[in-house]
Amino acid sequence: MNIMNAALLPDVQSSEDSRNIVIQKVGVKSVTYPVRIATEDGVQPSVATIDMYVSLPAQAKGTHMSRFLEVLEEFNAPLSSKSLSTLMSLVLSRLDADSGMIELRMPYFVRKTAPVSGAPSLLDHQLTLRAEKANGPITITQQIQTPVTSLCPCSKEISLYGAHNQRSHIIIAATLAEDAVLPVRDLIEIAESSASCQLWGVLKRPDEKFVTERAYENPKFVEDLVRDIAVALSADPRIARFEVSSENFESIHNHSAFAWLSGPQ
Ligand SMILES: Nc1nc2c(ncn2[C@@H]2O[C@H](COP(=O)(O)OP(=O)(O)OP(=O)(O)O)[C@@H](O)[C@H]2O)c(=O)[nH]1
């Protein structure tokens, strides 16, 4: 459509609304979009599911939905805490809004080498990056879901042989201190080092023996996981506040053991 035709169309969104009701969040939800993530090892391509919202004042009938995607089209920087903050500012300015939120959810891959054989493989994590602007400055939250192994201390103590163990999903959401930079890898390392054992995509037999014994020597309740992680996050000056959870997919039940906490405490 050319500009002449567009100018002839009524702009319903920009008309006045008489109900006197503010909308806290309006925008686009579940946009699937290719992205590039800035990592310490270079730029990693991924595909994100994106929500972008702004507030709408009481007198405005509608927001300008097309502008969210226009900003995304123009935004060309690899994703980092700094560039996400810039994207939030661009959205607020283009939508003429005081407050808003952008959340991107995407797979994030880490290249690993198996503990004994050194076999290379990729391990997938779920990364969520969130920018929020309310009354103060823009805040950035980095959330990572990391899969690990946990082995039950009680089971080890009471059993003649073995101990039940499970795959656990640890979720750490760290809201950064102002201007702080926190590599996502640091959060993954905190999660993995707090677990009974970390996971690898490829394990040969010597590696399998290693992870089996490593988990047995390092048993953890779901409570131990979230508490050990909270201790590490509380000591990190780059993190203003955090939430940690672990879901342990039990092998002796058809349900999970779960723990959640927020900090610092
Ligand atoms: N506000 C609003 N827009 C919607 C809704 N449903 C669809 N639209 C969008 O309306 C858009 C077009 O409106 P605007 O984004 O304001 O487009 P425009 O007026 O040509 O562009 P600007 O001049 O930049 O505002 C389309 O992208 C549709 O997605 C809705 O429920 N609310």
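Residues numbered from 1 in each chain as written. Predicted model: local features only at pLDDT ≥ 70, side-chain atom pairs only at ≥ 80, totals over all residues. Heavy atoms only, no water.

### Regarding the UniProt feature "site: May be catalytically important" (unreviewed entry) in the protein chain
Rules: UniProt positions are given in the numbering used here, feature names are shortened, and annotations may be inferred rather than shown by experiment. Runs of E in the DSSP output that reach at least two residues are strands. Runs of H or I that reach at least four are helices, and both are numbered from the N terminus. Remark: exposure states derive from per-residue accessible area (1.4 Å probe, protein chains only) relative to the maximum for the residue type, with buried under 20%, exposed over 50%, and partly exposed in between. Residue contacts are counted whenever heavy atoms from the two residues lie within 4.5 Å of one another.
Per the UniProt annotation, the sites labelled "site: May be catalytically important" (unreviewed entry) are Cys152. Within the secondary structure, Cys152 sits in the loop between strand S5 (139–151) and helix H4 (153–158). The exposure class of Cys152 is buried, given its relative accessible area of 10%. Aside from chain neighbours lying at most four places away, what touches Cys152 is Ala163, His164, Gln166, Pro219, Lys220 and Phe221.

### Here's the deal with the packing of helix H5 (residues 184–194) against helix H7 (residues 222–234)
Operational definition: Between N-to-C directions, angles cover 0 to 180 degrees, with each direction set by a line fitted to C-alpha atoms, over the stretch in contact for helices. Angles below 35 degrees are treated as roughly parallel, those above 145 as roughly antiparallel, those between 65 and 115 as roughly perpendicular, and all remaining angles as oblique. What makes a crossing left-handed is the near helix being turned counterclockwise from the far one by less than a right angle; a clockwise turn instead makes it right-handed. Polar here means any residue other than Ala, Val, Leu, Ile, Met, Phe, Trp, Tyr, Cys and Pro, which are nonpolar, and Asp, Glu, Lys and Arg, which are charged; Gly is therefore polar.
For the pair H5 and H7, interaxial distance at closest approach is 9 Å and the crossing angle is 140 degrees. By the angle between their directions, the pair H5 and H7 is classed as oblique. Here H5 runs over H7; the crossing is right-handed. Here Leu187, Ile190, Ala191 and Ser194 of H5 lie close against H7, whose contacting residues are Leu225, Asp228, Ile229, Ala232 and Leu233. When its residues are assigned to classes, the contact of H5 with H7 shows seven nonpolar, one polar and one charged.

### Digging into the site of the ligand
Let me state the cut-off plainly: Residues are counted as near a molecule or strand when any one of their heavy atoms sits within 4 Å of it. Polar contacts, as counted here, are pairs of nitrogen or oxygen atoms within 3.5 Å of one another; within protein the pair requires one atom able to donate a hydrogen and one able to accept it, and residues that are adjacent in sequence qualify only if both atoms are side-chain atoms. Reported accessibility uses the Shrake-Rupley method at a 1.4 Å probe radius. Residues are deemed covered only where the shown protein chains occlude them.
In the neighbourhood of the ligand, the contacting residues comprise Asp11, Gln13, Gly62, Thr63, His64, Met65, Ser66 and Arg67. His64 places a polar side-chain atom, nitrogen or oxygen, 2.7 Å from an oxygen atom of the ligand. In isolation the ligand exposes 650 Å². Once the protein is present, 46% of that is buried. For the shell around the ligand, the per-class residue count stands at one nonpolar, five polar and two charged.

### Some remarks on the state of the cysteines
Let me state the cut-off plainly: Pairs of cysteine sulfur atoms within 2.5 Å are what we label disulfides.
Tallying each qualifying case throughout the model produces zero disulfides. The thiol of Cys152 is unpaired, and the distance to the nearest cysteine sulfur, on Cys154, comes to 5.0 Å. Note on Cys197: no disulfide assigned, nearest cysteine sulfur contributed by Cys152 at a separation of 16 Å. With a relative accessible area of 2%, Cys197 lands in the buried category.

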